[in-house]
Amino acid sequence: MSFYVTTPIYYVNAAPHLGHAYTTIAADVMARHMRQRGEDVFFLTGTDEHGEPVAQAAEREGVTPQELADRNAERFQALMPRLEASNDFFIRTSDPRHEKRVQEVLTAVYEAGHVYKGVYEGWYCPRCADFKTEAEAGPDHTCPIHGIPLDWEREENWFFRLSTFQEPLEKLLAEDSDFVQPRERRNEARAFVAQGLQDISLTRARLRWGIPVPWDEGQVFYVWFDALLNYYTALAFARDGHDATPEFWPASYHLIGKDILKFHTIFWPAMLMAAGIELPEHVFVHGFLLGGDGRKMSKSLGNVLDPFQVIDELGTDALRFYLLRDVAFGEDGATSMDAVRSRYETELANELGNLASRTTNMVRRYRDGQVPEVELDAALAADFAGLSGRVGELVGRASLTAALEEIWQRVRRLNRYVEEQAPWQLAKDPERAADLDRALASLAEGVRVVGLHLLAYMPSAMSRLLEAMGERGQELRDFGAGGGGGSVQQLEPLFPKR
Ligand code: MSP
């Protein structure tokens, strides 16, 4: 089976920030988890380099748009290893291979009769690169997202007949469909369609920084269609020497933030239908990370959580864990450095870190580092029953926080198990050697299973843990399915106290 997950491609007019790290980490957890399940995975991320936002930022800085794109794309590329993102490719929309393929797809849409020439007249936000309807515009025709005055635009463009897709979109977003998740977001998309769809500009006449329209060289494609198509075009050239489209298209999951819902749940499927391309399976819409005060993060409010500060102080695993643990994936939530430190200490250092060091230390002290090959504790096994199926089901529908909670309940269960069994007491009584064997073997097995399930969330710390625990493979498995035995090595603290 194949699994294809994407992040939005990031605008190169700004530096990487927490919002970018967030979607990337979430997609990475899904990709890693699916690889552990033996799926053939493709994970795509990249940069959105055309359009007005980039052209204007370049002008402000006195460089060409391509220079600005080159410089900032590099910063986004450098972000990936710092987040431990295991993306299979990084697409840049100024790549000529992308440009050529966009021209091919949109020419097919034109030839199929879905495009006509008309005059666009209306409100436009150059920062969003979005045409706003009267209902969307803020007070006094300002952008509801950026607060800046909208521009009244009038130009001759090519239009995409979005209106003809009214019915197919209603069907796609119907009550029983899981195309858009979570459900409230699906309802938002439905409400937009229910207002009645209007045709939209497919091209821009005044802008130069974009992909030329093959049948009208004076125009470039509207940046959103150029950008959305990245999910499809990348597969054609991401794998050297062969076109991976047949293996991975349609995409399994597009992960996006709630601000770009309209583009991904309405414009994108309509464009694919027009091009005769199969639709992606799911779009998962996550919420916004807010400042510690619950307000939108902004430099002037001083409430911004800096992902690089978290990484420098507590490590990448801590950032990844925190973002998916503290804010339910799909909802909005406050973030702060204090909250990161608190999760780090209470959960990572005290709960998981201590469990790992106690387990390795006790197996080493009482059994010379050899995990006893004995029958495992039935009560503990019962509390682990079905874990991998449950976590798989949750991660499989992007419920990343719920899946993490399932795993964490087992971390807590293991800590209680240590207290209940008190192996240090058993060790004092030679007649209870069999009980000690069972307790240590069960504990070691529990820690291995928990480590395997947490590997996608915290790849660095969990690889160290699994290695020390003598776990050979990385495949997800249930408690008791690993064969037991093996030897345990000394483990440096996974989450050292700061
Ligand atoms: N270039 C477009 C996407 C094109 S995809 C075909 C774009 N880029 S962006 O860089 O502005 O935003 C990328 C993602 O970051 C979006 O999904 C957005 O929701 C997310 N975030 C930006 N700030 C955010 C938070 N404060 N919290 C969570 N995610 C947010 O839009």
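Residues numbered from 1 in each chain as written. Predicted model: local features only at pLDDT ≥ 70, side-chain atom pairs only at ≥ 80, totals over all residues. Heavy atoms only, no water.

## Some points on the overall build of the protein
For clarity, the cut-off: Secondary structure counts use DSSP, requiring at least four H or I residues in a row for a helix and at least two E residues in a row for a strand, with both numbered from the N terminus. The globule rule is 2.2 Å times the number of residues to the power 0.38, and the radius of gyration it is compared with is taken over C-alpha atoms. Throughout, a residue-residue contact means that at least one pair of heavy atoms, one from each residue, lies within 4.5 Å. Method for areas: the Shrake-Rupley scheme with a 1.4 Å probe, in which residue coverage is limited to the protein chains shown.
Summing up its helical and strand segments, the protein has 19 helices and 16 strands in all. Whereas a compact globule of 498 residues would reach a radius of gyration of roughly 23 Å, the protein reaches 26 Å, a difference of no more than 12%. When the backbone C-alpha atoms are referred to their principal axes, the protein occupies close to 90 × 45 × 40 Å. Considering only contacts in the protein between residues 6 or more positions apart, those separated by 24 or more positions represent 75%. Approximately 20,300 Å² of the protein is accessible, and the part contributed by carbon and sulfur atoms is 47%.

## Focus: the environment of Arg35
Which entries qualify depends on this criterion: Whether a residue is buried, partly exposed or exposed follows from its accessible area with a 1.4 Å probe, protein chains only, as a fraction of its type maximum: under 20%, in between, or over 50%, in that order. The term polar contact refers here to a pair of N or O atoms within 3.5 Å; inside protein, the definition further demands a hydrogen-donor-capable atom paired with an acceptor-capable atom, and it admits residues adjacent in sequence only when both atoms are side-chain atoms.
Along the chain, Arg35 falls in helix H1 (residues 18-36). A relative accessible area of 29% means that Arg35 is categorised as partly exposed. Put simply, Arg35 and Ala456 are 421 residues apart on the chain and 9.2 Å apart in space, counted from C-alpha to C-alpha. Setting aside residues up to four positions removed in sequence, Arg35 forms contacts with Val41, Phe43, Ser86 and Asp88. A polar side-chain atom of Arg35 sits 2.8 Å from a polar atom in the side chain of Ser86.

## Re helix H15 (residues 387-396)
Quick reminder: α-helices carry 3.6 residues per turn. Residues three or four places apart thus point the same way. To be explicit about the condition: It is the directions from the helix axis to the C-beta atoms that the arc portrays.
Residues Leu387, Ser388, Val391, Gly392, Leu394 and Val395 constitute the buried set of H15. With its buried residues spanning 165° around the axis, H15 presents them on a single face. On its buried side, H15 packs onto H1, helix H14 (378-384), helix H16 (400-421) and helix H18 (433-454).

## Side note on the packing of H1 against H15
Where we set the bar: Whenever a helix is involved, its axis is fitted only over the stretch in contact; in every case the axis is a line through C-alpha atoms, and angles between N-to-C directions fall within 0 to 180 degrees. Angular relationships are summarised with four words: roughly parallel below 35 degrees, roughly antiparallel beyond 145, roughly perpendicular across 65 to 115, and oblique for the angles in between. Handedness of a helix crossing follows the sense of rotation of the near helix relative to the far helix, less than a right angle counterclockwise being left-handed and clockwise being right-handed. Note on residue classes: Ala, Val, Leu, Ile, Met, Phe, Trp, Tyr, Cys and Pro are nonpolar, Asp, Glu, Lys and Arg are charged, and everything else, Gly too, is polar.
Packing of H1 against H15 brings their axes to within 10 Å, and their N-to-C directions diverge by 135°. Overall, the two elements H1 and H15 adopt an arrangement that is oblique. As for how H1 packs across H15, the hand of that crossing is left-handed. Contacts between H1 and H15 involve Met30, His33 and Met34 from the former and Val391, Gly392, Val395 and Gly396 from the latter. Grouping the constituent residues of the contact of H1 with H15 by class yields 4 nonpolar, 3 polar and no charged.

## Brief notes about the packing of aromatic side chains
Put simply, the rule reads: Pairing of aromatic rings covers Phe, Tyr and Trp, the last through its six-membered ring, and needs centres within 6.5 Å; plane angles under 30 degrees mean stacked, over 60 mean edge-to-face, and all others mean tilted. In our convention, an over-ring charge means Lys NZ or Arg CZ found within 6 Å of a ring centre and within 35 degrees of that ring's normal.
Taken as a whole and judged by the stated rule, the model has 28 aromatic pairs. Taken together, a centroid distance of 6.4 Å and an interplanar angle of 80° make the contact between Trp249 and Trp268 edge-to-face. Here Trp249, found in the loop between helix H9 (245-248) and strand S13 (253-257), pairs with Trp268, found in helix H10 (residues 261-275); they are 19 residues apart in sequence, far enough to count as distant. The same class applies to Trp249 and to Trp268, which are both buried. Each residue in the set Tyr120, Tyr124, Phe131, Phe160, Phe165, Tyr222, Trp224, Phe225, Phe263 and Phe267 is aromatic and connected to the rest through ring pairs, giving one cluster. For Arg204, the ring lying beneath its charged end belongs to Tyr124, and the centroid distance is 4.4 Å.

## Side note on the packing of helix H11 (residues 307-314) against helix H13 (residues 337-367)
Angle between the axes and distance between the axes are the two parameters that describe a pair of packed helices. Viewed as axis vectors pointing N to C, H11 and H13 meet at an angle of 30°, and their least axial separation amounts to 11 Å. Regarding the angle of H11 to H13, the classification is roughly parallel. Crossing hand, H11 versus H13: right-handed. Residue-level contacts link Gln309, Val310, Glu313 and Leu314 of H11 to Met337, Val340, Arg341 and Tyr344 of H13. A breakdown of the residues in the contact of H11 with H13 according to their chemical character gives 5 nonpolar, 1 polar and 2 charged.

## Digging into the layout of surface pockets
To keep it simple, the criterion reads: Cavities and pockets were defined on a 1 Å grid built over protein atoms only: a cavity is a set of grid points that admits a 1.4 Å probe from which the probe cannot escape, a pocket is an open set flanked by protein on both sides within 12 Å along at least five of seven lines, and lining residues are those with an atom within 4 Å of any such point. Grid points are joined across faces, edges and corners, and a volume is the space filled by probe spheres set on the points.
Of the pockets and cavities examined, the second largest pocket occupies roughly 430 Å³. Lys132, Thr133, Gln198, Asp199 and Ile200 are the residues nearest the centre of the second largest pocket, which is lined by 25 residues in total. Secondary structure elements with two or more residues in the lining of the second largest pocket: strand S5 (115-125), strand S6 (130-132), strand S7 (151-160), strand S9 (200-201) and H10. Tallying contributions element by element places S5 first for the lining of the second largest pocket, with 4 residues. Looking at side-chain class alone, the lining of the second largest pocket contains 12 nonpolar, 6 polar and 7 charged residues.

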